[in-house]
Structures are given as structure tokens and as C-alpha cells.
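# Reading the structure
In case you want the letters, here they are:
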Amino acid sequence: ETGAARGMASSFIACYLFLAGGGAGAFFIAALVDGVLRFKRTPWLVRVAPVTDAGLSIGPAAVAVGGVFLLCDLGSPERALNVFLGPPQSLLGMGAWSIAIFCFSAIAALVCGRAAFPLVRRVVEPAFQAIAFACSAFVMVYSGLYLSLFPAIPFLHTPWIPILFVASALATGAGALTVTAFVRQGFEGMLDGIGALSTADALLAVVEAVALAAFCVDAFMAGDAVACSVRSLVTGSFSALFWIGVVAAGLVGPLAIDIVSRRVAFAPLIAAGGLLRMTGGLCLRFALLLAAVRYGMVDMSVQSFWF
């Protein structure tokens, strides 16, 4: 080997990726449903809207908490300030600004939606929501894209990482919406909406499973540097986290629950599927970061992950 440095895992990084991805995914789903319903009221969207609407508020909240973990990982206020004052064309700077703009515009849309003036609700709220929608898409994409840019981390240096992160963000967001709806099941339309959302949740599980399988197959075929990491993920030190946390809890369990729920819609069971989906999303990020190794570079400290 060419001198592998230690793995790049950090609890702060993993929690940031989980919260920012899941929060952005929940908001993306909610804003998409809300936006389509402004023009066309299809029966399925009307059914899921009471469930997905929660994403308009829990999305920015989760991303904001994730931003706190990001600041903790950066290690000092000066580093955080450098991210915002750095060149706007850098991916890291764009990602940091997208989080800030997303949280601001999403909260502004919520405030405008409760304004007393109809014009504000009809014009200003959709404008802020559209900005937040675009930023949520970028938040889902950019972390995986950033991780995939460095040849010195061959395990993550693949276009499958951004795809996998987006798929996982949407699936994790859907899980968060399901759990939130179960907590709020006393509100009108929640139980029916949970059952309707399980159809989309099953589709997201399949997409994430395909992306994960393609990533692993591509990694096995990529050569020794990458195969070392994927072996530690699939058969080595982190195999329990991968097979139990990512595959069983995050994919197989929720998908099985979604299939069963098409025949028997039992809200607690569907909510358990949502919790499993969120658990799998967190385990996926920990597993990838734990298995990833830098080659031919100095030791990567917690703070140096972003720089």
C-alpha cells in the first residue's frame, strides 16, 4: 500500500451529513407536494399533503441543527467565518451559503404563509419557498459531490456517492415525515396520509438500494485502493454496521413494512419503518466515513476534513 492514513470518520461530520441531508430531503418532498398542489389537486397528493406539510418546518430545523454540527467540526469560529468569506465559486463556500439561505428562506416562507395579507400569501410565500426548494436540492447534492471530488480518497471518488447521498436524503426525509405524522396522528388526515406516503417510501427504498448496490459493485471493480475500503465495509471491521444498520434497518426492514402496509395500513408499524429508515440513513453516513481512507497524504484531523 502507499501509506494509508486513518479513516475519515467524525461524529460531528456524520451527524451533520445525516441532519442536513434528511432535513433537506423532508423539505424537498414537502415543497414539491405543496408546489404541485398549487396547480393541480390530484387525489394522491391531497392525501399525503397533511403528512408532507410538516417538512416545511422540520426541514429547516434539522438543517439548522446540522449546521451546528458542521460548525463544531470546523473547530473554531475563525474557520467557520473563512468558509463564508472564501471565494463564492468554491463548492464548500456554496454549500455553506446554501444552508444559510435555505434556512432563512424556508422560515420566511412559513412566516409569510401566516401573514394577514392575501398578496403576501399568494406571491411572497411561494417566492421564498421556491428559493428554499432550490437550496434544499443543492444541500442534498453538495456534500456527496464534495466528498467525491478528492482522488486521495479513492473509496468516495466516484459519481455514485452524490447519487447515493441524494437517494438517502430523500428516503431519510420521508422517514422523518412518517414519524412526525405518527406523533401528530390526532390531526385530520394524518393516518390516511401515512398509508399513502408508504407507496413513495417504498420507491425511494428501491432507488437507494440500487444506488448502494451499484456503488459497492463499482468499488469492488475499481482496484486495490478502493477494494480495501469496500472489503472493510462489507466483510471486515464495519460489516455489522453495514449489514445490520444500513441494509437490514435502513432498506430491507422499511421496504418489507411498506409492502405489508399496502394490504394492512397499521400506523405504528409504518412509523417503525420510518424510524428504521432514519437509523439506516445515519448508519450509512457513519459506515462510509469509517471505511474511507486517505492515501499518500498527511493524517486527516477532524478539522481538516473540509479543507
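Sequence positions are assigned chain by chain, starting from 1 and proceeding in written order. Under the rules for a predicted model, residues below a pLDDT of 70 receive no local features and side-chain atom pairs below 80 are neither given nor counted, while totals for whole chains, interfaces and linings still include all residues. Excluded from the side-chain calculation are hydrogens and water; included are all heavy atoms of the structure.

Turning our attention to the overall build of the protein chain. Helix and strand labels come from DSSP, where a helix needs a run of H or I of at least four residues and a strand needs a run of E of at least two; each type is numbered from the N terminus. Looking only at helices and strands, the protein chain features 11 helices and 2 strands. Across the protein chain, helices and strands are ordered from the amino to the carboxyl terminus as β-α-α-α-α-α-α-α-α-α-α-α-β. Burial analysis of the protein chain (307 residues in total) assigns 51% to the buried set. Contacts between residues were defined by any pair of non-hydrogen atoms, one from each residue, lying within 4.5 Å. Residue pairs at least 24 apart in sequence account for 79% of intrachain contacts in the protein chain once pairs closer than 6 positions are excluded. Only protein chains enter the accessibility calculation, which uses a 1.4 Å probe; a residue is then buried when its area is under 20% of its type maximum, exposed when over 50%, and partly exposed in between.

The next point concerns the pattern of salt bridges. Proximity of charged atoms lets side chains of opposite charge pair with each other. When a carboxyl oxygen of Asp or Glu is within 4 Å of a side-chain nitrogen of Lys or Arg, the pair counts as a salt bridge. One pass over the full model with this rule turns up 5 salt bridges. For the salt bridge of R38 with D34, the shortest nitrogen-to-oxygen distance reads 3.0 Å. Of the residues examined, R38 reaches a relative accessible area of 37% and is grouped as partly exposed. D201 is the salt-bridge partner of R277, the closest N and O atoms lying 2.9 Å from each other. One end of the pair, R277, is in helix α11 (residues 267-291); the other, D201, is in helix α8 (residues 190-220), with 76 residues separating them in the sequence. No difference in accessibility class separates R277 from D201, as the two residues are buried.

By convention in this document, the label disulfide applies to cysteine sulfur atom pairs within 2.5 Å. Applying the stated criterion across every chain, the model contains 0 disulfides. Looking at the unpaired C103, the closest cysteine sulfur is the one in C135, lying at 9.5 Å.

Moving on: the packing of helix α2 (residues 43-52) against α8. At a closest axis distance of 7 Å, the pairing of α2 and α8 adopts a crossing angle of 110°. Considering the angle they form, α2 stands roughly perpendicular to α8. Contact residues: W44, R47, V48, P50, V51 and T52 in α2; M190, D192, G193, I194, A196, L197 and A200 in α8. In this count, Pro and Cys sit with the nonpolar residues alongside Ala, Val, Leu, Ile, Met, Phe, Trp and Tyr, while Asp, Glu, Lys and Arg are called charged and the others, Gly among them, polar. Its residues assigned to classes, the contact of α2 with α8 comprises 9 nonpolar, 2 polar and 2 charged. Between N-to-C directions, angles cover 0 to 180 degrees, with each direction set by a line fitted to C-alpha atoms, over the stretch in contact for helices. If an angle is under 35 degrees, it is roughly parallel; if it is over 145, roughly antiparallel; if it lies from 65 to 115, roughly perpendicular; otherwise it is oblique.

Right, let's talk about the side chain of R277 for a bit. Looking at R277, the relative accessible area reads 1%, which means it is buried. When neighbours within four sequence positions are excluded, R277 is seen to be in contact with A171, T172, G175, D201, A205, E208, A249, G250, L251, P254 and D258.

Closest axis-to-axis distance for the helix α1 (residues 11-37)/α2 pair is 10 Å, and the angle between their directions is 140°. Taken together, the axis directions place α1 and α2 in an arrangement best described as oblique. Where α1 crosses over α2, the handedness of that crossing is left-handed. Each of I29, A30, V33, V36 and L37 in α1 lies in contact with α2, whose residues at this interface are L45, V46, V48, A49 and T52. A class-by-class count of the residues in the contact of α1 with α2 yields 9 nonpolar, 1 polar and no charged. Here a crossing is taken to be left-handed if its near helix is turned anticlockwise relative to the far helix by less than a right angle, and right-handed if that turn runs clockwise.

Glancing now at the environment of L255. For L255, the position within the fold is in helix α10 (residues 239-261). Once the C-alpha coordinates of L255 and L204 are considered, the two residues, 51 residues apart in sequence, prove to be 9.2 Å apart. Dropping the residues within four chain positions of it, L255 is found in contact with A202, A205 and V206.

Here the focus is the packing of aromatic side chains. When the centres of two rings from Phe, Tyr and Trp lie within 6.5 Å, Trp using its six-membered ring, the rings pair. Their planes under 30 degrees apart give stacked, over 60 give edge-to-face, and anything left gives tilted. Summed over the entire model, instances satisfying the criterion amount to 7 aromatic pairs. With 6.2 Å between their ring centres and 50° between their planes, F12 and F69 make a pair best called tilted. One end of the pair, F12, is in helix α1; the other, F69, is in helix α3 (residues 55-74), and 57 residues separate them in sequence. With a relative accessible area of 35%, F12 lands in the partly exposed category. Considering the side-chain rings of F138 and Y142, the 5.8 Å spacing of their centres and the 5° angle between planes classify their relative orientation as stacked. Placement of the pair is F138 and Y142 together in helix α6 (residues 118-147), with a separation of 4 residues, close to one helical turn. A residue is classified by how much of its surface remains accessible, and Y142, at 0% relative accessible area, is buried.

Bringing the environment of G55 into the picture now. Mapped onto the elements of the fold, G55 is located in helix α3. In this structure the C-alpha to C-alpha distance between G55 and A174, which are 119 residues apart in sequence, comes to 8.9 Å. Setting aside anything within four residues of it in sequence, one finds G55 in contact with A26, F27, A30, P60 and L177.

Let's shift gears to a nonpolar patch on the surface. Two distance rules govern patches: like charges are joined within 9 Å, and nonpolar side chains (Val, Leu, Ile, Met, Phe, Trp, Tyr) within 5 Å, applied only to residues with over 30% relative accessible area and no salt bridge. All accessible-area figures derive from a Shrake-Rupley calculation using a 1.4 Å probe, and residue coverage is judged against the displayed protein chains alone. A grouping of V260, V264, F266 and L269 is seen on the molecular surface, where their side chains present a nonpolar patch of about 340 Å² in accessible area. Relative to the helices and strands, L269 is located in helix α11.

Relative to the helices and strands, S239 resides in helix α10. Here a polar contact is recorded for every N or O atom pair within 3.5 Å, except that within protein the pair must consist of a potential hydrogen donor and a potential acceptor, and residues adjacent in sequence are included only if both atoms are side-chain atoms. Separated by 2.9 Å, the side chain of S239 and the backbone oxygen of G236 make a polar contact.

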